[in-house]
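Single-letter residue listing:
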Amino acid sequence: MAKYDVKSLKAEEFINDGEILETIKYAEENKNNIELIDSILEKARPRKEGNGLHCTGLSHRDAAVLLACDIPEKVEEMFKLANQIKQDFYGNRIVMFAPLYLSNYCVNGCVYCPYHLKNKHIVRKKLTQEEVKAEVIALQDMGHKRLAIEAGEDPKNNPIEYILECIKTIYSVNHKNGAIRRVNVNIAATTVENYRRLKDAGIGTYILFQETYHKESYLELHPTGPKHDYDYHTEAMDRAMEGGIDDVGLGVLFGLERYMYEFVGLLMHAEHLEAVHGVGPHTISVPRLKRADDIDPDTFDNGISDEMFKKIIACIRIAVPYTGMIISTRESEKVRGEALHLGISQISGASRTSVGGYTEEERPHDSEQFDVSDQRTLDEVVCWLMENGHIPSFCTACYREGRTGDRFMSLCKSGQILNCCHPNALMTLTEYLEDYASPETKEIGYKLIEEELKKIPKDKVREIAESNIKDIKNSNRRDFRF
Ligand code: SAM
């Protein structure tokens, strides 16, 4: 039997089944141990250190105790703490992005995904470079600056050269004042050499969902194709980091396996990255299984309620305080609205999960990966965020200024976010308001920006931000950043 070793590079040792089962048992035994729960919450609170605030985060064992605890007052405390950590380290900014589906050709047999090889009736599409351009123009015309590209795994139809060509095309398009300034990539596990090529192509985060950390289930849920190889998939982030990608994004597909197993596995993965590479995951996504073409989520036994989903989000926020957290349009407006107060820092808006979907007048369903719950336009989402006290941010400055990996984390830890990310958010929001917003959104936005500018601590930084905002309003000058 494999032994737990956080620093091992072997999947079964750093995601260790024995350790996960022991942790679940420990959490069950202690879920009503108020003294222990209070001490864990205390440990997780932000505290002053030097000029900034610091959070230690929690081990997977401690975090599992919180997740297992269902004492209402304690859950309330967790929710409050999660919100406080989000506010302390990320402020009220919410980063915006959209997925861009390049191809749904896939040779895998994932039983929860409609792109699986045996699905013979789904329309298979792969964008040509001309079509990529058209999609990017449509996304730029909405106001998007940051994309996550998505593709099935198919070495013949979607080889790495195709992905690289698409990235080049995406970065080359500038329609009116539009630009895609950060391309994150969500493609199947690949080789160190290919990760290096992605890095050289200027990608932001490499995202790969584990789907499930439970090896036996993983093998059953991925019965055929290259994705069947659990170890290769689970060790992908180590290869990505070896290939020079500092920012990696983790996630599990909630609904496939028992949530507690996934939660512990996810945190063990984060601990492993930190222990081996000195930097934890840049983001964690929390997708839940959705209805899609020939996929019925009710045939899977491990669906989670909205309440449990919120608790998972809050506990992840508390356990890994410096990691960005992403929620997609798989979730409804209501759930997204609540999750934003529990630690989420990035959301997608106006997403289409079909290949070529952004250039269609009507939302197409024939090549969709999953049903989208939140179908609002980007303008509606931006307006809604601001009405609820958040600042929608289209900022992509960090990785373009070389603030990736631990350099981003130290910015986060040093409390300099208000002098850096905050003005960047306000300047990119101004771009959005000037170039794309409806009159109502514009009005709300400019009021908000006026108030938020006052929060920038350094006079010099505030003055520069104010002057840049004026420039954006009065000229076509764009892309200011700290
Ligand atoms: N093919 C790549 C891979 O294997 O990782 C790219 C990922 S795929 C385009 C994006 C993600 O969508 C998957 O990792 C999976 O978690 C999620 N997904 C697949 N089917 C889904 C469904 N029915 N509902 C919700 N999410 C789903």
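Residues numbered from 1 in each chain as written. Predicted model: local features only at pLDDT ≥ 70, side-chain atom pairs only at ≥ 80, totals over all residues. Heavy atoms only, no water.

Caption draft 1: Just the overall build of the protein, in detail. Across its full length, the protein carries 20 helices and 11 strands. The C-alpha atoms of the protein give 21 Å as radius of gyration, which agrees with the globular expectation for 482 residues (23 Å, within 12%). A principal-axis box enclosing the C-alpha atoms of the protein has dimensions of 65 × 55 × 40 Å. Taken over 482 residues, the protein has a buried fraction of 61%. Within the protein, contacts between residues separated by at least 24 positions form 74% of all contacts whose residues are at least 6 apart in sequence. When the accessible area of the protein is evaluated, it comes to approximately 18900 Å², of which 49% is carbon and sulfur surface. (Helix = DSSP H or I, 4+ residues; strand = E, 2+ residues; numbered from the N terminus. Rg over C-alpha atoms; globule rule 2.2 N^0.38 Å. Buried < 20%, exposed > 50% of the residue type's maximum accessible area, 1.4 Å probe, protein only. Contact = heavy atoms within 4.5 Å. Areas by Shrake-Rupley, 256 points an atom, 1.4 Å probe, with all protein chains shown as cover.)

Caption draft 2: Expanded view of the packing of helix H5 (residues 72–90) against helix H13 (residues 306–319). Two numbers describe how H5 lies on H13: the axes approach to 9 Å, and their chain directions differ by 50 degrees. The orientation of H5 with respect to H13, classified from their angle, is oblique. Of the two elements, H5 crosses H13, and the hand of that crossing is left-handed. Only Lys310, Lys311, Ala314, Cys315, Arg317 and Ile318 of H13 make contact with H5, whose side of the interface consists of Val75, Met78, Phe79, Leu81, Ala82, Ile85, Lys86 and Tyr90. In the contact of H5 with H13, the residues fall into 10 nonpolar, no polar and 4 charged. (Axes fitted to C-alpha atoms, helices over the stretch in contact; angles between N-to-C directions. Parallel < 35°, antiparallel > 145°, perpendicular 65-115°, else oblique. Left-handed = near helix turned anticlockwise from the far one by under 90°. Nonpolar A, V, L, I, M, F, W, Y, C, P; charged D, E, K, R; others polar.)

Caption draft 3: Region of interest: the packing of helix H2 (residues 17–30) against helix H12 (residues 259–277). It is the contact of H2 with H12, at a shortest axis distance of 10 Å, that shows an interaxial angle of 120 degrees. Relative to H12, the element H2 is oriented oblique. Regarding H2 and H12, the two cross each other, and that crossing is right-handed. On the side of H2, the interface is formed by Asp17, Glu19, Ile20, Leu21, Thr23, Ile24 and Ala27, while H12 contributes Met260, Tyr261, Val264, Gly265 and Met268. For the contact of H2 with H12, a count of residues per class yields 8 nonpolar, 2 polar and 2 charged.

Caption draft 4: Main features of the pairing of strand S5 (residues 182–186). Buried residues dominate S5, accounting for 5 of its 5 residues. Side chains of S5 alternate between two faces, with Arg182, Asn184 and Asn186 and Val183 and Val185 buried alike. In the classification by handedness, the crossover that spans strand S4 (residues 146–151), the intervening helix H7 (residues 160–172) and the parallel S5 is right-handed. (Right-handed = clockwise from strand over helix to strand, strands pointing away.)

Caption draft 5: The site of the ligand, seen in detail. Of all residues adjacent to the ligand, which total 19 residues, the nearest are Tyr112, Glu211, Lys227, Lys290 and Arg330. In the environment of the ligand, an oxygen atom lies 2.8 Å from a nitrogen or oxygen atom belonging to the side chain of Lys227. At a separation of 2.9 Å, a nitrogen atom of the ligand approaches a polar backbone atom of Lys290. Considering the ligand on its own, with 570 Å² of exposed area, one finds that the protein chains cover 97% of that surface. Considering only residue class, the shell around the ligand consists of 10 nonpolar, 3 polar and 6 charged. (Near = heavy atom within 4 Å. Polar contact = N/O pair within 3.5 Å; in protein donor to acceptor, adjacent residues only side chain to side chain.)

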